[in-house]
Amino acid sequence: MNFSKLFEETRPILISSSPHITLYVKQEITALGFEVMSEGFTTVETQGTFDDAIRFNIQLRTGNHVYFLVEKLLASSVEELYAGIRKIEWEEILIEDGYFSVHSVTDHPEIQNTMFLNLRIKDAVADRFQEVRNKRPDSGSEKNRSVIFVYWKSNEALVYIDTSGDPLTKHGYRKISLRAPLQESLAAAMVMSTRWDKKGAFVNPMCGSGTLAIEAALMACDKSPGLIRDNFGFMHVKGYNPETFRTIQKQAEEKIAATIPCKIIAGDIDHEALRAARTNAENAGVDHLIEFIKSDFQNTPIPDHVGVVMFNPPYGERLGATDQLENTYAQIGDFLKKNCRGYWGYVFTANPMLAKKIGLKAKRKIDFYNGQLKCKLLEYELYEGSKKRDRELA
Ligand SMILES: C[S@@+](CC[C@H](N)C(=O)[O-])C[C@H]1O[C@@H](n2cnc3c(N)ncnc32)[C@H](O)[C@@H]1O
């Protein structure tokens, strides 16, 4: 293969995500006009050029990493893998005076710890450089410059450039994290999983550091999360052209709406949480689109233009004790029933016992993981009908 043309070719692009989020990654890449070629439990494969990989990094809300395929190798042992990787013309891909790191995933029985594999891959790349250029780039574990990713399963190894570097799960606006913040990509997937049409209200009592409301605001004004970040893996390889990147950024910037048709409300009882949410929203450039309210969730104003009310309450694993929370969950159920008629209500929890205290029948239970914790986003249809009946009975 002629590696000097690598960055101009259409090649497989693999997008990784957290479990249960591939559905939303698929929606996003399809909306961007790309075809889904295949999918796994935490990956979606499409194809495109290196510039398309840049676009994904800027625009995807729910992905973790965007991997651009360099080479497919046959290797049944570590030494065969070393030899195959050493044959790749890394001098056409990596910057000579640069810095690179390696990460890998394998099911190979010889490998107990991928650190050993990563070292061997690093040696192969460095030895190649030494051989053809008589010098070698620096390497280490930091993911903020060139990153090579190898997926080695059975006898096949897929060698990629990780065009994201540091994971896209962080959208770059959260400078202040409080207790139990949601990952930004998870929050985006949660918002995408709801029935919110971006015209009705999005209400987020118990907003914490504001992740759900900020993701909702980014979606409502069509601002790509990658516009908030200033460093990506793709910037540290030879195919990177800053002018192309600037054009892609400009195209994304031009789509941003100055105003939005819906109300977005973020409330929290805790002053510090609200301060963090406001600062994070400022960093994301969407603070003007969110109404921040310091109040107990039971006093959150609910706009007439019905939409979605979403709760991410403490659930006992990491914050507060479960028994103290039973009352809170029962009150959330009452609040949804009495104050949010006509809305779709959502409660995100890892605690099924607490969820029962809400006292409403869930229409859907949407699976997610929050870190290692299995969670459900419970969806409630809060019928308008009972409101009419109440008025008639009054
Ligand atoms: C799990 S955290 C929310 C995390 C948030 N999704 C994030 O990404 O940062 C729960 C939040 O509920 C707030 N909270 C607890 N009891 C409350 C109440 N009665 N009314 C309003 N907020 C409350 C806490 O202050 C905390 O910020």
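Rules used in this analysis
- Residues numbered from 1 in each chain as written.
- Predicted model: local features only at pLDDT ≥ 70, side-chain atom pairs only at ≥ 80, totals over all residues.
- Helix = DSSP H or I, 4+ residues; strand = E, 2+ residues; numbered from the N terminus.
- Rg over C-alpha atoms; globule rule 2.2 N^0.38 Å.
- Buried ≥ 20, exposed ≤ 12 C-beta atoms within 10 Å, placed from the backbone.
- Contact = placed C-beta atoms within 7 Å.
- Pairing = 2+ DSSP bridges.
- Core = buried A, V, L, I, M, F, W, Y, C linked by C-beta atoms within 7 Å.
- Domains from an automatic or database assignment.
- Axes fitted to C-alpha atoms, helices over the stretch in contact; angles between N-to-C directions.
- Near = placed C-beta within 6 Å.
- Nonpolar A, V, L, I, M, F, W, Y, C, P; charged D, E, K, R; others polar.
- pLDDT = per-residue confidence, 0-100.

## Considerations on the overall build of the protein chain
Here's step 1: A tally of helices and strands in the protein chain yields 11 helices and 15 strands.
Here's step 2: The globule rule puts the C-alpha radius of gyration for 394 residues at 21 Å, and the 24 Å found for the protein chain is close to it.
Here's step 3: Principal-axis analysis of the C-alpha atoms gives the protein chain an extent of 85 × 45 × 35 Å.
Here's step 4: Scored against the burial criterion, the 394 residues of the protein chain give a buried share of 43%.
Here's step 5: Counting only contacts in the protein chain whose residues sit at least 6 apart along the sequence, the fraction spanning at least 24 positions is 77%.

## Here's the deal with unusual backbone geometry
Here's step 1: For asparagine 134, which is not glycine, the phi torsion reads 60 degrees and is therefore positive.
Here's step 2: Within the secondary structure, asparagine 134 sits in the loop between α4 (114-133) and β6 (138-139).
Here's step 3: At methionine 206, a position not held by glycine, the phi torsion is positive, near 60 degrees.
Here's step 4: On the secondary structure map, methionine 206 appears in the loop between β9 (202-204) and α6 (211-220).

## Brief notes about the pairing of strand β15 (residues 373-381)
Consecutive residues of a regular strand have side chains that alternate between opposite faces of the sheet.
Here's step 1: Note that strand β13 (residues 344-349) and β15 share six bridges and pair antiparallel. Directly across from valine 347, in β15, lies its bridge partner leucine 378.
Here's step 2: Both strand β14 (residues 364-370) and β15 contribute to a ladder of seven bridges, which runs antiparallel. When the sheet's bridge partners are listed, aspartate 367 is paired in β15 with lysine 376.
Here's step 3: The turn linking β14 back onto β15 is made up of two residues, and glycine 371 within it adopts a positive phi angle of 65 degrees.

## Let's talk about the nonpolar core
If you look at soluble globular proteins, the nonpolar side chains tend to sit buried side by side.
Here's step 1: Counting residues in each nonpolar core, the largest one holds 108 residues, and the members touching the most others are Ile148, Ala213 and Ala217.
Here's step 2: The element best represented in this core is α6, accounting for eight residues.
Here's step 3: Here this core spans two domains, since at least three of its residues come from each of domain 1 (3-162) and domain 2 (184-226 + 254-393).
Here's step 4: The contact partners of isoleucine 148, leaving out residues within four places of it in the chain, are Phe100, Val102, Ile121, Val125, Val159, Ile161 and Asp162.

## Considering the pairing of strand β5 (residues 99-106)
Here's step 1: Bridge count for β5 against β6 is two bridges, and the pairing is parallel. The partner of tyrosine 99 across the bridge, within β6, is aspartate 138.
Here's step 2: Relative to strand β7 (residues 146-153), β5 is paired through seven bridges, and the arrangement is parallel. Within β7, the residue paired with threonine 106 across the bridge is tryptophan 152.

## Regarding the sheet that holds β5
Here's step 1: As summarised here, the arrangement of the eight strands in space is β2-β3-β1-β4-β8-β7-β5-β6, forming an open sheet in which the pairing is mixed. Only two strands of the sheet have a single neighbouring strand rather than two, namely β2 (38-39) and β6.
Here's step 2: Relative to the sheet, helix α2 (residues 50-59) contacts β1 (11-16), β3 (43-48) and β4 (65-74), its axis offset from that of β4 by approximately 140 degrees.
Here's step 3: Each of β4, β7 and β8 (156-162) touches helix α3 (residues 78-87); the most contacted strand, β8, lies at about 45 degrees to it.

## Quick notes on the site of the ligand
Here's step 1: Taken together, 19 residues are adjacent to the ligand, and Met206, Gly208, Ser209, Thr211 and Ile269 come closest.
Here's step 2: Residue composition of the shell around the ligand, by class: 12 nonpolar, four polar and three charged.

## A short note on the domain arrangement of the protein chain
Here's step 1: Domain annotation for the protein chain reports domain 1 (3-162) and domain 2 (184-226 + 254-393).
Here's step 2: Look at where the C-alpha atoms of domain 1 and domain 2 centre, and you get two points 36 Å apart.
Here's step 3: Counting residues at the interface gives 13 residues for domain 1 and 11 residues for domain 2.
Here's step 4: Among the elements of the structure, α1 (22-31) and α2 are those that each provide at least two residues to the side of domain 1 that touches domain 2.
Here's step 5: The element that contributes the greatest number of residues to the side of domain 1 that touches domain 2 is α2, accounting for three residues.
Here's step 6: Of the residues assigned to the side of domain 1 that touches domain 2, the class counts are four nonpolar, eight polar and one charged.

## Focus: the sheet that holds β14
Here's step 1: Read across the open sheet, the seven strands follow the order β11-β10-β9-β12-β13-β15-β14; overall the sheet is mixed. What marks the edges here is a single partner per strand, and that holds for β11 (290-294) and β14. Across the sheet, the mean angle separating the axes of adjacent strands is 20 degrees when strand polarity is ignored.

## Quick word on the environment of glycine 200
Here's step 1: Assignment of secondary structure puts glycine 200 in the loop between α5 (184-193) and β9.
Here's step 2: Classification of glycine 200 as buried rests on a count of 20 C-beta atoms within 10 Å.
Here's step 3: Through-space distance from the C-alpha of glycine 200 to that of glutamate 381 is 15 Å; in sequence the pair is 181 residues apart.
Here's step 4: With residues up to four places along the chain from it excluded, the contact list for glycine 200 reads Cys262, His305, Val306, Gly307 and Val308.

## So, the confidence of the model for the protein chain
Here's step 1: A residue-level look at the protein chain finds 96% of positions with pLDDT of 70 or above and a mean pLDDT of 94.
Here's step 2: Taken together, the stretch residues 386-394 has pLDDT below 50 and engages in two contacts with residues farther than four places along the chain or on a different chain.

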